[in-house]
Amino acid sequence: MTLAVGSLALLIVPLLPESEPVLSGLVLAGWSVLAPFAGFAAAALIRIRSWPAFSIRRTTWRWLLVGIVAGVVGFILKGVLNAAIIALGFEENAQVPYYEAAGGGILPLVLTFAMISLLVPLGEEFLFRGVVMNGLLRYGAVVAVIASSVVFALFHGINLALPGAVVFGIICAELVRRSGSIWPAVAAHTINNLGLPVFVVIVSTSGM
């Protein structure tokens, strides 16, 4: 299901109008929200289970704080990995459409922020950790964490973001596995995804 959704995204992206980069970015951001929620909904309907089965349960403020710190650490690690990959000559950045959308004015920035920094973390954690990782735990923690993280990374495409997505996926998977709740990973994912709109605001206000 996840690979099918990712493949469909690859078919949609080339159809987006190049003359409207802001619209294209917003459409892609909307797809990034819809796809994981659709995947989670399909899995939940196929296998009707209680919310705790997907790790959707309460957590403590301590674990939320751990998630926030993990999000910052993950963001830094991704930056280091991306810099190393760019230094090797790989410069394709799949995040460009999102930057163009966020840089299109106040309304596109708000919409990009809402989708990428709030809704995407929620949908992706529900799907990749709540469904995929928990479903693989029967094969052991190592298999569940690594395999779900690889699937999570492949969903984002084979590009500059792939290695960083694997690393960040492992961080989120461990947060869910150790805390027993999806919410610390959602907190980490939200902090990580805040980097994009914050960067756009900094660049626009500094005139860079």
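Provided above is the structure to which this section pertains.
What comes next concerns the included structure. (Residues numbered from 1 in each chain as written. Predicted model: local features only at pLDDT ≥ 70, side-chain atom pairs only at ≥ 80, totals over all residues. Heavy atoms only, no water.)

1. A few points about the overall build of the protein chain
Line of reasoning, step 1. Within the protein chain, the secondary structure is distributed over 9 helices and 0 strands.
Line of reasoning, step 2. Reading the protein chain from its N terminus to its C terminus gives the helix and strand order α-α-α-α-α-α-α-α-α.
Line of reasoning, step 3. Expressed as a percentage of its 208 residues, the buried residues of the protein chain come to 42%.
Line of reasoning, step 4. Looking at the protein chain alone, contacts between residues at least 24 apart form 76% of all its contacts between residues at least 6 apart.
Line of reasoning, step 5. Total accessible area on the protein chain is roughly 10,800 Å²; 74% of this is exposed by carbon and sulfur atoms. (Helix = DSSP H or I, 4+ residues; strand = E, 2+ residues; numbered from the N terminus. Buried < 20%, exposed > 50% of the residue type's maximum accessible area, 1.4 Å probe, protein only. Contact = heavy atoms within 4.5 Å. Areas by Shrake-Rupley, 256 points an atom, 1.4 Å probe, with all protein chains shown as cover.)

2. A closer look at the nonpolar core
Line of reasoning, step 1. Among the nonpolar cores identified, the biggest contains 30 residues, and Phe40 and Leu175 are the most heavily contacted of them.
Line of reasoning, step 2. Elements with a contribution of two residues or more to this core: helix H2 (21-46), helix H3 (61-87), helix H5 (106-136), helix H6 (141-155), helix H7 (162-179) and helix H8 (183-193).
Line of reasoning, step 3. Here the element with the most residues in this core is H7; it accounts for 7 residues.
Line of reasoning, step 4. Discounting residues that sit within four places of it in the chain, Leu175 has contacts with Trp63, Val66, Gly67, Ala70, Gly180, Ser181, Pro184, Ala185 and Ala188.
Line of reasoning, step 5. Grouped together as the second largest cluster of nonpolar side chains are 6 residues, Leu26, Val33, Ile116 and Val120 included. (Core = buried A, V, L, I, M, F, W, Y, C linked by side-chain atoms within 4.5 Å.)

3. Points about the packing of aromatic side chains
Ring pairs (aromatic) are described by centroid distance and by the angle formed between their planes.
Line of reasoning, step 1. Evaluated as defined, the whole model comprises 6 aromatic pairs.
Line of reasoning, step 2. Centroid distance Phe128 to Phe152: 5.4 Å. Interplanar angle 75 degrees. Geometry classified as edge-to-face. With Phe128 in helix H5 and Phe152 in helix H6, this pair connects stretches of sequence that are 24 residues apart. Here the two residues Phe128 and Phe152 agree in accessibility, since each one is buried.
Line of reasoning, step 3. Among the aromatic side chains, those forming a connected cluster through ring pairs are Phe40, Trp51, Phe54, Phe126 and Trp183.
Line of reasoning, step 4. Over the ring of Trp63 we find Arg62, and its NZ or CZ is 5.6 Å from the ring centre.
Line of reasoning, step 5. Sitting over the ring of Phe152, Arg129 keeps its end group 4.4 Å from the ring centre. (Phe/Tyr/Trp six-rings, centres within 6.5 Å; stacked < 30°, edge-to-face > 60°. Lys NZ or Arg CZ within 6 Å of the ring centre and 35° of its normal.)

4. Considering unusual backbone geometry
Line of reasoning, step 1. Here the phi dihedral of Ser55 falls at roughly 65 degrees; this positive angle occurs in a residue that is not glycine.
Line of reasoning, step 2. Following the sequence through the fold, Ser55 ends up in the loop between H2 and H3.
Line of reasoning, step 3. Judged by relative accessible area, which is 5%, Ser55 ranks as buried.

5. Focus: the pattern of salt bridges
Oppositely charged side chains are able to pair whenever their charged atoms sit close together.
Line of reasoning, step 1. Summed over the entire model, instances satisfying the criterion amount to 3 salt bridges.
Line of reasoning, step 2. One salt bridge connects Arg129 with Glu125, and the closest N-O pair in it is separated by 2.7 Å. Within this pair, Arg129 and its partner Glu125 are both found in helix H5, separated by 4 residues, close to a single helical turn.
Line of reasoning, step 3. Assessed through its relative accessible area of 0%, Arg129 is described here as buried.
Line of reasoning, step 4. According to the relative accessible area criterion, Glu125 is buried, its value standing at 0%.
Line of reasoning, step 5. For the salt bridge of Glu174 with Arg178, the shortest nitrogen-to-oxygen distance reads 2.7 Å. Pair noted here: Glu174 and Arg178 are both in helix H7, with a separation of 4 residues, about one helical turn. (Salt bridge = Lys/Arg side-chain N within 4 Å of Asp/Glu carboxyl O.)

6. A look at the packing of H3 against H8
Line of reasoning, step 1. Taken N-terminus to C-terminus, the directions of H3 and H8 make an angle of 40 degrees; their axes are 7 Å apart at the nearest point. Between H3 and H8, the interaxial angle falls into the category oblique. Every pair of crossing elements has a handedness; the one defined by H3 and H8 is right-handed. In this structure, H3 uses Trp63, Leu64, Gly67, Ile68, Ala70, Gly71, Val72, Gly74, Phe75 and Lys78 to contact H8, whose residues at the interface are Trp183, Pro184, Ala187, Ala188, Ile191 and Asn192.
Line of reasoning, step 2. Taken together, the residues of the contact of H3 with H8 sort by class into 11 nonpolar, 4 polar and 1 charged. (Axes fitted to C-alpha atoms, helices over the stretch in contact; angles between N-to-C directions. Parallel < 35°, antiparallel > 145°, perpendicular 65-115°, else oblique. Left-handed = near helix turned anticlockwise from the far one by under 90°. Nonpolar A, V, L, I, M, F, W, Y, C, P; charged D, E, K, R; others polar.)

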